[in-house]
Each structure stands twice: as structure tokens, then as C-alpha cells.
Amino acid sequence: MEQRLASTSRMTVNERKFVETALASDLRVDGRRPFDYRRLTIKFGRSVPVYGFTASATEDGSSEVQLGQTHVIGFVTSQLVQPYRDRPNEGTLSIFTEFSPMADPSFEAGRPGESAIELGRVVDRGLRESKAVDMESLCVVAGKSVWSIRVDLHILDNGGNLIDAANIAALAALLTFRRPECSLGGENGQDIIVHDPEVMEPLTLIIHHLPIAVTFAFFSEGNIMVIDPTHKEEVVMGGRMTATVNSNGDVCAVQKAGGEGVTPNMIMQCLRIASVKAADITSKIKNAVETYNTERTLRKVKRHSSTVTHQVSVPDVITKDKQAENIIRHQEEMIHHEPDRISNCDDEMTVDTRTCIKTEGNSRDSCTDPFVGGPSNWDPYLNKLSSNLVGKSQDLLGPLTIGKEQQEESKSNKMAVENSPEYATISSNSETLGVSGPRQQTDVAKSLKDAVKSKARKKSKASATTR
Amino acid sequence: KRHRPLRRSSICFASLLCSYAINPQETLTSEMNAETSDAPPTSLVDRTVVPGDTVLDLTAMANQTIKLGAGLRQDCDTISVMKAGKLRLSKPNKYWVESSHKRYVPCVEDTVLGIVVDCKPDNFLVDIKAPTLAFLPVLAFEGGTRRNIPKFEIGTLLYVRVVKANNSMNPELSCMDETGKAAEFGQLKDGYMFETSTGLSRMLLSSPTCPVLEALGKKLSYEIAVGLNGRVWVSYYHS
């Protein structure tokens, strides 16, 4: 009993009286005006590449929101499930809350308390009843398979007004979440193939509007009202009301669970104030999401350019170095080249890929990056290898350009014909990458076995150091 | 017109130092005596120390009584450090380690601010930001008898003194000083309380008056009580 008493946070009668008397003269303890929000910070998870053959595990769909001292993070994940019987062509959305004991001494691990359940319900009602997230676009096969979106909200620090902060965290996470692209395929056209995010760009959720929760606290028998109460104000307040509105002025949900009675005029005033605040917070969320999305596209663009140059320069390296050949074979199989194509057109490839030596030199480091995933400084073998290749390619640059020009003059037509099918095969190959989803599993399996057979030590060393 | 701020804590702190000067032989329960010699220790005083450092070598010092405060302990012939912080010496012979935390470790003769949590027949349970609740006997008030037990409701803020502090027992408090006088201890009325780290509260109590308090005093007349457990109470000046 004493342990429990010792660990809860306490308010003195002095503080209670002070908060109430200060509010009577429109002063709040932290210096805000009655209808001011605390400072809002929204951050997102960064992309974390996972090295090896699997795709990069992005942190799309995770957000961290700080509203003053209140700290909440939200995660969105998705899964293919069977739909509910009464809604066979709609996906599902579920909200889970986790009140960590580090947030507040009164939170206990294990079963969620009353406030935890209330928070989950308010956030859920705001999103579901207002149909903010489009459910029908989450259907894959009606009646059989739909996407189930799960939002996890973790409370890290309770500085007051958890509902608003958790709502913003859920919205920010849903706006930046991307679900994998999937298509029907297989033998009878009924199998669902989920495409790897590396192969096909994942899709965003369709969100029609943003329902923002605005919490009001009432004091002294409903005469004084403030927005965004802090932890101390929450202990002293007489009643609380949360109004979920969107920037269009639609009221999505209202929650007033117990507490002091409030006049209808007061409630209408609260709804009016809430719509003003909702517009403000919506613009903040949208700005943060836009910044995140532009950063994300910039990251994606850089990676694709390195893989394109890498594709074309692959056969060049094979003729030079036996060891490089094996590395490049792994890289080929990663991007799903057919190995036999390389051996067939070796002669032509040596000629027309000389043009790519320049780009090869620059992108050597970035080419090896998708393979080993990071600066190659730690692996002395790779360092030596890359400098080897760069040296050789630079040696060949001189005489070979002359040779290329001569050959071009003599058989320009033949080269043009030869070039175009090579480039055509390369470009068509990259297009078919998307459709090669079903074969992805078998290709990966083949390449793993090859890796073990040919250069087992190198593979295991690379994977050991990256883990 | 300039009002001097009334600072209960500085009065008590000064009285503490005086009591040490007057009664060097008095041993308090949490402090230990050691046989020492005349030479003072090396200049680890006012320097940062970490757990495991040896502060004093007692073989070099004999026939001297030294008092150990928070963060120090005696290991046979040496005094070693238990808590990281700055080693301090107060003349003639008291040593302790000062560090700043958000939680408070009770130490005897500290003046702290406590919040009443529960009332029992024999004592009040008071929260002083320590690992356990502290007991304040109902008779530990000036002129306290069974007939005039004060009635404190839950949430009352008190300015108290730590009398006993072992790490195996609940600390014990008192609203009297050693001589039995009230000396500004007791309930604090009105005002506002906020929490800080123990380091900041020590700085507010430091001996040439803290500049913040002086600057505030030039503009307003106020009353302040600083607890060594990281709680500070401010109010307007009750004349």
C-alpha cells in the first residue's frame, strides 16, 4: 500500500488553489492564454536500409508528436486478412493504445485503464465514423482478402491532453504510411502476390479529410474554459470535453464523459473554437507530411540512378576480373538479369559498354552500395576491389575510346543495330521487373545457393559485419 | 522601499552550521567517526569524484574526529566515495559529496518540503521525493501533546527537518529544531510550489545570496522556502 502511495504524483492544496485563482483572472500557470495550444512538433521515422537480399525496411507510417511536454508515437502496419462478413469489400482499421508506465506514475503495465480505453475509442470514432480513411480501396479480393490497417499509439510522456496528441500522431502516421502493391497472379489468377517495396513503389492510403481532436477543460462549475490542459490543470479541472472536427467545419465526434455540467451555449462556443483550431493544426500536419514526402522522393531518386548505371556497366567488369565477376553475378541476380544473355553478347557488349566507363568510375562506390549497403571502408577486400576496377577502367579509357571511334566509323550501322537490341533488352528487362514478382522468390533462392557455393566466406563475412 | 525576503531555509542552514561548531562531539545516527591525524586530506575537496575514489587515508590521520555526510563511506582504513559528484568540506571536519538529481536521498539534518499523503494515529505519512514515504510523528511539534494534534488534510505542504535517515527504514521528520522550538517549520499556506533538481535548490540556498533571489527581491516582496529535496515554495510576503 505504501509503495503505491509513494509512487503517485501529488498536487498540494496550494497548487490547486493557485491554478483556480489564476484562471479566474485569465492566467494559466505556464503563461499561455486560455485558447492557446502548446508548441506542436511532428517528426517522422527515417528510412533504414536492411542489408542483404531483402528490401529496405522503411519507417513509413511512424510518427512522433510532441505537444508541450506530452510525447506520443504512432505506428501504422498493415496485413492481409479476411474481411468481416457484413462488409466483404471493405478493409478494416483498428487502433491500439499503449500507456507506458514511464509516462506517468499512475499508468500500470498490462491491462489498459479507463483513460486508455477512452483515448482509443475517441481516436477510433473520429477516424471511423467520419470515414476519413477510405476502406473500399483496401479491398483486394472481395469476400476473401482485404487489407487490415493497425494503428499503435504509444504514450511516452504524459504532460496533459493525451487525446489531442494521440490523434495527431495517428493522423500523421496514416498520412505517411505506404502499403505494398499487390496483384493477382499465379496459375488460376486467384493467388495474391504482394510486391516487394523495392520492386514496386508502395501506395499511400486514401484519406479524405483529417479529423482533429480539440480538448477543452472546464473549471469553477463550467464558467471557465481552457484549451489543451496541462497535467496540473487536468488534476484540478471539473470537467473535460473533446470535439473532433475537420477543417471543412464538419463535426466528426464529440466526447464528454462525466464531469461538471456545461450549458448548451458553452458547447456551441467550444465547437466554433474547435473548428478554428482544427484548421490551424491541419495545416501544420500537412506541412510536416509534405516535407517528409519530398525528402522521401529525393532519397528514392538517388538510389534508382545508381542501379541504372550499374546495370549497364555490369558486363564490362566481367571481362576484366575473375573475382569481380562473381560479385557482379550476385548483383545481376539481385536485379534479375538472365545470366545467359550476358554470355551470348559478350563481344558486342565489350564494345558498346565502353561508353559507360566514365559513369562507372564515379558510381563505383554507389554501385557497390546496394550490394553491401554502406561505406565500403570497413571491408578491405571490397576497397581493394573497387580501386582495382577504377584503375583498370581508367587505363582502358584512353585506347578504347579511339577503338570505339574507329569501329563506329567502320560499322556504324551494325553497331546501331546491335546497340539498340542491347539497350532494348536492358530497358525491357527493367520494365519486366515489376511483373517478375512471382519469380522473385525462386530467383532469390537460386542466388543464395550460388552465393553459398561460389564465395561462401565472402558472403558470410559481408552479412556478419552488416548485422 | 525594499523588503528583505524572509528565507526560512537560510536561518535553519545557519543554525545547523552553528550547532556543529558548538557540539563537535555529538554524533548523529547516520554519520560515522574515524580515528584521524592532523593532516587534512589532499585537494580532492571541491573536485569531482566518482564512486570508488579514495578520499581520505585514515592511517595518516589519527586522533581526529571527522564527520561523513552523503555519498561517503568508511572501508576499514579509507574513506571512499559512493556517489558521483563534488566533494565538499565544511570546517572543521565535515565531508560530503554533492550531486544533482531529480530524486532525493534523505540525509539527516536536511530541511525539506513534504506533502502529507496520509494521517495515521501515531504519525503523518509525508512524501519528500524519497524512495519511501517519511513519517512525521504527531507530537513532533512545539508544545505538542495528545490534546493539540494538528489536523493536516491530504495535500498539505510542510516545511520539515529530517531526523532519521537510514536506507533500510522510512525516514523520520520533525517540525521542531534541536532545541525544541518551532523555528519556521510547519505548514506553508497559500503560494505556489514547483519542483526542481536537488542541485538547483542547493544553489538557491548558497551562502552569498543567490543573485536570482536578490534581483527578484528588488522588484517584489516575496517569501520563499527551498527544500533540499528539490521543492521550492514561493508566496507573497505575509507581514
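This structure is a prediction, so every number in the text was calculated from the model and none was measured.

### A word on the packing of helix α3 (residues 114-128) of chain A against helix α4 (residues 162-176) of chain A
Residue and element names in this part refer to chain A.
- The contact between α3 and α4 brings their axes to 10 Å, and the two run at 45°. One element, α3, and the other, α4, form an angle in the oblique class. Seen from above, α3 lies across α4 with right-handed handedness. Between α3 and α4, the residues in contact are Leu119, Val122, Val123 and Leu127 and Leu162, Ile163, Ala166, Asn167, Ala170, Leu171 and Leu174, respectively.
- Considering only residue class, the contact of α3 with α4 consists of ten nonpolar, one polar and no charged.

### Here's the deal with the UniProt feature "domain: Exosome complex exonuclease Rrp40 N-terminal" (unreviewed entry) in chain B
- In this structure's numbering, the residues bearing the UniProt feature "domain: Exosome complex exonuclease Rrp40 N-terminal" (unreviewed entry) are residues 66-103 of chain B.
- Taken end to end, residues 66-103 of chain B comprises 0% helix and 55% strand; its first and last C-alpha atoms sit 27 Å apart.

### Considering the sheet that holds strand β12 (residues 224-227) of chain A
Residues and elements named next belong to chain A.
- Taken in spatial order, the four strands make up an open sheet running β12-β11-β13-β14, and their pairing is antiparallel. Each end of this open sheet is capped by a strand with a single partner; those strands are β12 and β14 (251-255). Strand-to-strand twist in this sheet, taken as the mean axis angle between neighbours without regard to direction, amounts to 20°.
- For strand β11 (residues 212-219) and strand β13 (residues 239-245), the ladder comprises seven bridges, and the chain directions are antiparallel. When the bridges of β13 are listed, Ala217 appears paired with Arg240.
- Most of the contacts of α3 go to β14, to which it runs at about 160°, and overall it touches β13 and β14.
- Sheet strands in contact with α4 are β11 and β13, and its direction is about 180° off that of β11.

### Considering the interface of chain A and chain B
- Every contact between the two is made by 13 residues of chain A and, on the other side, 21 residues of chain B.
- For the interface between chain A and chain B, the tally reads one salt bridge.
- Asp190(B) serves as the salt-bridge partner of Lys17(A), at 3.1 Å between the closest nitrogen and oxygen.
- Our count for the contact surface shared by chain A and chain B stands at five residue pairs in polar contact (both at pLDDT 80 or more).
- Take the side of chain A that touches chain B: its biggest share by element is five residues, from helix α2 (residues 13-24) of chain A.
- In terms of residue class, the side of chain A that touches chain B is built from six nonpolar, two polar and five charged.

### Structural notes on the pattern of salt bridges
- For the structure on display, the rule yields 27 salt bridges over all chains.
- In this structure, the salt-bridge partner of Arg161(B) is Glu178(B), at a minimum N-O distance of 3.4 Å. Here Glu178(B) lies in the loop between β13 (172-174) and β14 (186-187) and Arg161(B) lies in strand β12 (residues 157-164), a separation of 17 residues in the sequence.
- For Arg161(B), a relative accessible area of 9% puts it in the buried group.
- Look at Glu178(B) and you get partly exposed, because its relative accessible area is 43%.
- Three or more residues joined by partner-sharing salt bridges are found here, namely Asp30(A), Arg32(A), Arg38(A) and Asp228(A).

Parameters and conventions
- Within every chain, residues take consecutive numbers counted from 1 along the sequence as written.
- Here chains are named by letter from A upward and ligands by number from 1 upward, in the order in which they appear as written.
- Whole-chain, interface and lining totals are the exception, using all residues; otherwise, since this is a predicted model, local features are given only for residues with pLDDT of at least 70 and side-chain atom pairs are given and counted only at 80 or more.
- Side-chain measures were taken over the full set of non-hydrogen atoms in the model, leaving aside hydrogen atoms and water.
- Working convention: axes come from line fits to C-alpha atoms, limited for helices to the stretch in contact. Angles between N-to-C directions cover 0 to 180 degrees.
- Secondary structure is summarised from DSSP: a helix means a run of H or I of at least four residues, a strand means a run of E of at least two, and numbering begins at the N terminus for each.
- Every angle not falling under 35 degrees, over 145, or within 65 to 115 is termed oblique; those three ranges are roughly parallel, roughly antiparallel and roughly perpendicular.
- Note: crossing handedness is left-handed where the near helix turns anticlockwise from the far helix by less than a right angle, and right-handed where it turns clockwise.
- The contact criterion used throughout is that any non-hydrogen atoms of two residues lie within 4.5 Å.
- We call Asp, Glu, Lys and Arg charged. Ala, Val, Leu, Ile, Met, Phe, Trp, Tyr, Cys and Pro are nonpolar, and the rest, Gly among them, are polar.
- UniProt positions are given in the numbering used here, feature names are shortened, and annotations may be inferred rather than shown by experiment.
- One requirement defines pairing of two strands: DSSP has to find at least two bridges between them.
- When a carboxyl oxygen of Asp or Glu is within 4 Å of a side-chain nitrogen of Lys or Arg, the pair counts as a salt bridge.
- Throughout this description, a polar contact denotes any pair of N or O atoms lying within 3.5 Å of each other; where both atoms belong to protein, one of them has to be capable of donating a hydrogen while the other can accept it, and for residues adjacent in sequence the pair is counted only when both atoms sit in side chains.
- Residue burial is assigned from relative accessible area. The probe radius is 1.4 Å, only protein chains are included, and a residue is buried under 20% of its type maximum, exposed over 50%, and partly exposed in between.

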